[in-house]
Each structure stands twice: as C-alpha cells, then as structure tokens.
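Geometric and topological summary
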Amino acid sequence: MTQSDVVVGVIGGSGLYEMDGLEDVREVSLATPFGAPSDAYITGTFAGVSMAFLPRHGRGHRISPSELNFRANIWGLKKLGATHIVSVSAVGSMREDIVPGEFVVIDQFFDRTRHRPDTFFSDGIVAHVLFADPVCPDLRLLMLEACREAGIKAHDGGTYLNMEGPQFSTRAESKIYRQWGVDVIGMTNLQEAKLAREAEMSYATLAMATDYDCWHEGHDDVTVEAVLEVAHRNVGNARAVVKAVVPKIAAGPPSRFANALEHAIMTSKEHISPEVRERLGLLIDKYLD
Ligand SMILES: CSC[C@H]1O[C@H](OP(=O)(O)O)[C@H](O)[C@@H]1O
Ligand SMILES: Nc1ncnc2[nH]cnc12
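Residues numbered from 1 in each chain as written. Chains lettered and ligands numbered in written order. Predicted model: local features only at pLDDT ≥ 70, side-chain atom pairs only at ≥ 80, totals over all residues. Heavy atoms only, no water.

As recorded in UniProt, the sites labelled "binding site: phosphate" (unreviewed entry) are S14, R56, H57, S89, A90 and T188. Taken along the chain, the residues just named run across 175 residues; in space they keep tight, none of their C-alpha pairs more than 12.3 Å apart. Note on placement: H57 falls in the loop between β4 (49-55) and α1 (70-79). The contact partners of H57, leaving out residues within four places of it in the chain, are G13, S14, S38, R62, I63, P65, L68 and T188. Residue position: T188 is located in the loop between β10 (184-186) and α4 (189-198). Under the relative-accessibility criterion, T188 is labelled buried at 6%. If near-sequence neighbours (up to four positions away) are discounted, T188 is found in contact with R56, H57, P65, L68, F70, S89, R116, Y160 and N162. (UniProt positions renumbered as here; feature names shortened; annotations may be inferred. Helix = DSSP H or I, 4+ residues; strand = E, 2+ residues; numbered from the N terminus. Contact = heavy atoms within 4.5 Å. Buried < 20%, exposed > 50% of the residue type's maximum accessible area, 1.4 Å probe, protein only.)

Here the UniProt-annotated "site: Important for substrate specificity" (unreviewed entry) positions come out as S169 and V224. Taking the farthest pair of C-alpha atoms as the criterion, the annotated set spanning 56 residues converges on one region, since that pair is 12.9 Å apart. Setting aside its immediate chain neighbours within four residues, S169 contacts M163, S174, Y177, I185, D213 and C214. Its relative accessible area of 52% is what places V224 among the exposed residues.

With respect to the helices and strands, the residue E102 is situated in the loop between β5 (84-93) and β6 (103-105). The contact partners of E102, leaving out residues within four places of it in the chain, are D97, K153, H155, A207, M208 and A209.

The subject of this paragraph is the environment of G58. Assignment of secondary structure puts G58 in the loop between β4 and α1. A relative accessible area of 0% means that G58 is categorised as buried. Spatially, the C-alpha atom of G58 lies 9.3 Å from that of G12, the residues being 46 residues apart in sequence. When near neighbours in sequence (up to four residues on either side) are disregarded, G58 contacts Y17, S38 and D39.

This paragraph deals with a nonpolar patch on the surface. Residues F110, I176 and W180 make up a contiguous nonpolar surface patch of about 300 Å² in total accessible area. Position of I176 among the secondary structure elements: in helix α3 (residues 171-179). Assessed through its relative accessible area of 38%, I176 is described here as partly exposed. (Patch = residues over 30% accessible without salt bridge, like charges linked within 9 Å, V, L, I, M, F, W, Y side chains within 5 Å. Areas by Shrake-Rupley, 256 points an atom, 1.4 Å probe, with all protein chains shown as cover. Salt bridge = Lys/Arg side-chain N within 4 Å of Asp/Glu carboxyl O.)

Rendered as structure tokens:
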C-alpha cells in the first residue's frame, strides 16, 4: 500500500479535542445523509500521511454520548477517504491492574446501550456484516507497537463495556460488570466500531483508563473532575501514540475490512430502490454496478 492510498481518521474523546503537528491544515464541514457530524473535521497530513480529526463530542464537549450522531461521524470520515479509524477514549478501569493513566488496546466490546442508531442499513436495505472480532487485529497490533515505541505502557487486549450513560454506573452494576469479566467501561466506542465495519474501514481503540469507576473500595467513585484531570495529564501520551501509529498504518497492510460488505448485503439488487441507492451510494455502489 502506498502512503497516498491511506487516510487515517482520528476520533478524539474526552480530553482530546485537537491534534497538533498537522501540516496543510483545513477545516472541513460536511453534510451527510444521516445529518451533521459532531463538528467540522480537521484535515491535514502528518509525516506525509493524510489524516482527518474529529472531536467526538464537538469542540467544547457539547454532545452527550446518547445524542452522538455516530452515523454522521463515521460517514463523514468515509467521505473524506478514511481507510482506518483510530479512536481515543477515556474509560473506567474494571481491573485493579489497569491503573488510571495507563492505556488499554482493547479487542472486544459488550453492549449495554439502549437507544442508539448503529447501522447504515435500514429503511429498505438489509446487511449483516461479520463482527466477531470488532476491532481490527492489524490496526490493534500497530497501536501496541506504537505504544511500545513511544515508551507508553499499554495492556494488550480487553473487553470494553459500552454503557448507555450519561449517568455513571451504579455500584451494583459496576460490581456485576467485573464478575462478567469486563476490563474497561465507556459510553461511546461500540457504535463507531459497528459503523466503521459497515463502511469497510478498520477501527481500533486506544482506551485511556482515567478512574476505577465505583467498584474499588480504596478509591473515590468516578467523577467528571477526576476523569478530566487524568485525561489532561495523559493527553500528551495519547497524542504521541497517534503520531507513532499513523506512519505505521500507511506502511502496513491495507484494511482487511475493505470488502466487508461483499457477502453481507441480503437485499437483492432489483429490490434496492433509487432512494436507498442515492442515500447509501458511497457504501454500496461498488456492489451494484
Ligand atoms: C467525561 S467522563 C464520561 C465520558 O468520557 C468518555 O468519553 P469518550 O469515550 O468520548 O472519551 C465516556 O465514554 C463518556 O462519554
Ligand atoms: N467510569 C466510567 N464509566 C463510563 N465512562 C467513563 N469514561 C471514563 N470513565 C468512565
């Protein structure tokens, strides 16, 4: 793969609202068939590789997890040519040995959300993509390598429980999630991973542990203040990992999910209406010509 084929999308979570070090910076506002993304994308190049950055909750942290327009956010990255998405997120640690300030390169998700649109395929078209391994294994390895190179401790693998929020968990929930074997908890990444797969992009999460939620008797219960304090202290490390991984992505294998829809679309061509084709053309035209 040549560097010019790759565009890396970066989604910044709580505490990461901008990337530094980009060249040829532009601000790109996009409309999508699913509405408006969280904010304008900041595009540019880093080490010669094209990048598009989006602050997940918008600049100024205006959008609650349950109100995020995940479809618009991921569609916009696809429209900008993204082949890979690196997500940076603050998470609660559900394990003693995942210490606040450390990173986890997760490999699984568990869904505890209730009311979030999380597919591009509805209203006249049906598709079922594979999702047993929701995180791209190639991108995950590159991210671990990037952490090592940047000298930043990262746990290899873990299950991210995606709760609904916006309230934090009850203590009973937190303790039960630990019994389930959950490693970290957050409110945002699963829908992004599902939509990235449907849009045939690789997706991986750099999860920054910021707190012990509310299960740990030796630590205070999570608060926004505590999350932001740890996130601000470690945002430099998150940026360092992103900067280290971007050139690796460009030099690495093409996304293994570039044809994820090939055997996933159930609806026969003659039953796909012009309206659906118009709406989803960016994703499905290549299978309909
Ligand atoms: C500020 S604490 C809760 C908030 O932080 C995480 O956001 P993100 O995943 O965007 O880093 C969590 O999911 C909640 O949205
Ligand atoms: N304890 C927690 N629960 C949910 N989301 C979080 N983000 C950071 N810490 C969190």
